[in-house]
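# Secondary and tertiary structure notes
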Amino acid sequence: MIDMKLVLIGAPGAGKGTQGSALVERYNIVRISTGDILREAVAKETELGKQVKDIIAVGGLVSDEIIIAIVKERIKQDDCANGFILDGFPRTQVQAQKFEKMVEIDKAIYIEVPDELLLDRLTARQTCLRCGSTYNRIHKPSKKKGFCDVCHNKLVQRSDDTIESGVKRIQTFHDQSETLVTFYQEKGLLVKVDGTESISEITNAIIKGLEQ
Ligand code: AP5
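Residues numbered from 1 in each chain as written. Predicted model: local features only at pLDDT ≥ 70, side-chain atom pairs only at ≥ 80, totals over all residues. Heavy atoms only, no water.

By nearness alone, 37 residues border the ligand, and Thr18, Gly60, Arg91, Arg125 and Arg169 come closest of all. Interatomic distance of 2.5 Å between a backbone N/O atom of Gly60 and an oxygen atom of the ligand. Note that a nitrogen atom of the ligand is positioned 3.0 Å from one of the side-chain N or O atoms of Gln95. For the ligand, whose free accessible area comes to 1000 Å², the fraction covered by protein is 97%. When residues of the shell around the ligand are traced back to their parent elements, those giving at least two are α1 (16-27), α2 (34-43), α6 (115-123), β6 (134-136) and α9 (199-211). Looking at the shell around the ligand, the element that brings in the most residues is α2, giving four residues. Taken together, the residues of the shell around the ligand break down into 13 nonpolar, 14 polar and ten charged. (Near = heavy atom within 4 Å. Polar contact = N/O pair within 3.5 Å; in protein donor to acceptor, adjacent residues only side chain to side chain. Areas by Shrake-Rupley, 256 points an atom, 1.4 Å probe, with all protein chains shown as cover. Helix = DSSP H or I, 4+ residues; strand = E, 2+ residues; numbered from the N terminus. Nonpolar A, V, L, I, M, F, W, Y, C, P; charged D, E, K, R; others polar.)

In this structure, Ile9, Phe84, Leu86, Phe99, Ile109, Tyr184 and Leu210 are the most contacted members of the largest nonpolar core, which totals 50 residues. At five residues, the largest contribution of residues to this core is made by strand β1 (residues 4-9). With residues up to four places along the chain from it excluded, the contact list for Phe84 reads Met4, Lys5, Leu6, Ile29, Val30, Ile32, Ile75, Phe99 and Val103. Among the nonpolar cores identified, the runner-up in size contains five residues, and Cys128, Tyr135, Cys148 and Cys151 belong to it. (Core = buried A, V, L, I, M, F, W, Y, C linked by side-chain atoms within 4.5 Å. Buried < 20%, exposed > 50% of the residue type's maximum accessible area, 1.4 Å probe, protein only. Contact = heavy atoms within 4.5 Å.)

Turning to the sheet that holds strand β3 (residues 83-87), a few remarks are in order. Strand order in the open sheet made by the five strands is β2-β3-β1-β4-β7, with parallel pairing throughout. With partners counted over all chains shown, the strands left at the sheet margins are β2 (30-33) and β7 (190-194), one partner each. Each strand axis lies, on average, 20 degrees off the axis of its neighbour in the sheet, ignoring direction. In terms of strand pairing, strand β4 (residues 107-112) meets β7 through five bridges, oriented parallel. When the bridges of β7 are listed, Glu112 appears paired with Asp194. (Pairing = 2+ DSSP bridges. Axes fitted to C-alpha atoms, helices over the stretch in contact; angles between N-to-C directions.)

If you walk through the whole model with that rule in mind, you get two aromatic pairs. Lying over the aromatic face of Phe147, Lys144 brings its terminal NZ or CZ to 4.6 Å of the ring centre. Over the ring of Phe183 we find Lys187; its NZ or CZ atom is 4.7 Å from the centre of that ring. (Phe/Tyr/Trp six-rings, centres within 6.5 Å; stacked < 30°, edge-to-face > 60°. Lys NZ or Arg CZ within 6 Å of the ring centre and 35° of its normal.)

Side-chain pairing between opposite charges can occur once the charged atoms of the two side chains come close. As enumerated under the stated definition, the model contains 15 salt bridges in all. Among the salt bridges present, the one from Lys5 reaches Asp3, with a minimum N-O distance of 2.9 Å. Under the relative-accessibility criterion, Asp3 is labelled partly exposed at 36%. A salt bridge links Glu73 to Lys76; its shortest N-O distance comes to 3.1 Å. Exposure remark for Lys76: the relative accessible area of 56% places this residue in the exposed category. When salt bridges that share partners are traced, they join Arg125, Arg158, Asp160, Asp161 and Arg169 into one network. (Salt bridge = Lys/Arg side-chain N within 4 Å of Asp/Glu carboxyl O.)

Put into structure tokens, the structure is as follows:
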């Protein structure tokens, strides 16, 4: 399949990054994580990074204006020629409505996970800040403890993967992002999967939903 444009919706810890990476291989498309772009800006201490650092750490949302500008530029780049999967965007009604005017997507994938599983996943997550790979101390450990399988960089815990920030992010999802499930369902674009299954079972369910 060529030129596939997808968006991933799910609460923090639902598995957007995990499944997004699996779909990159399957469809030869690029994964665009607005969270990764923002974290890179924070790590490099750019103007954008300085603006968003505290917002991310406490689990708030960066302004629609900033995020939309980032995505608009990013999807114009050459590596998006075969399509893309957006991980973490759109996240508000305003973002979804503006994005709709920018590009026509093929499907929106919603990974549904009950709140009680999310915090455990978030607080056990380990992240590679160099290549963006994610692991989990319990569910998906790296081969060499504490180091990335892909680029061998040291794994870290994200500054927002604390219980306090996690609780706030989950609430923010319910308040501002969950409404997007209905938004895409009404357009006949929604593929909804049970995110409590194993990682590979969820990948298979998504592929089935996309290809049926
Ligand atoms: P972002 O980086 O997008 O974070 P998030 O939405 O909170 O999502 P996460 O990355 O925490 O979770 P995920 O669903 O990707 O789960 P993962 O696959 O890693 O955003 C960070 C911040 O940036 C936001 O809070 C906001 O401030 C800002 N931001 C970003 N986009 C924005 C936007 N559009 N507008 C405004 N602000 C924005 O999995 C989690 C863990 O669980 C991993 O350890 C994984 O190994 C494990 N796992 C995954 N699947 C399974 C499974 N099936 N079973 C067991 N374990 C699993």
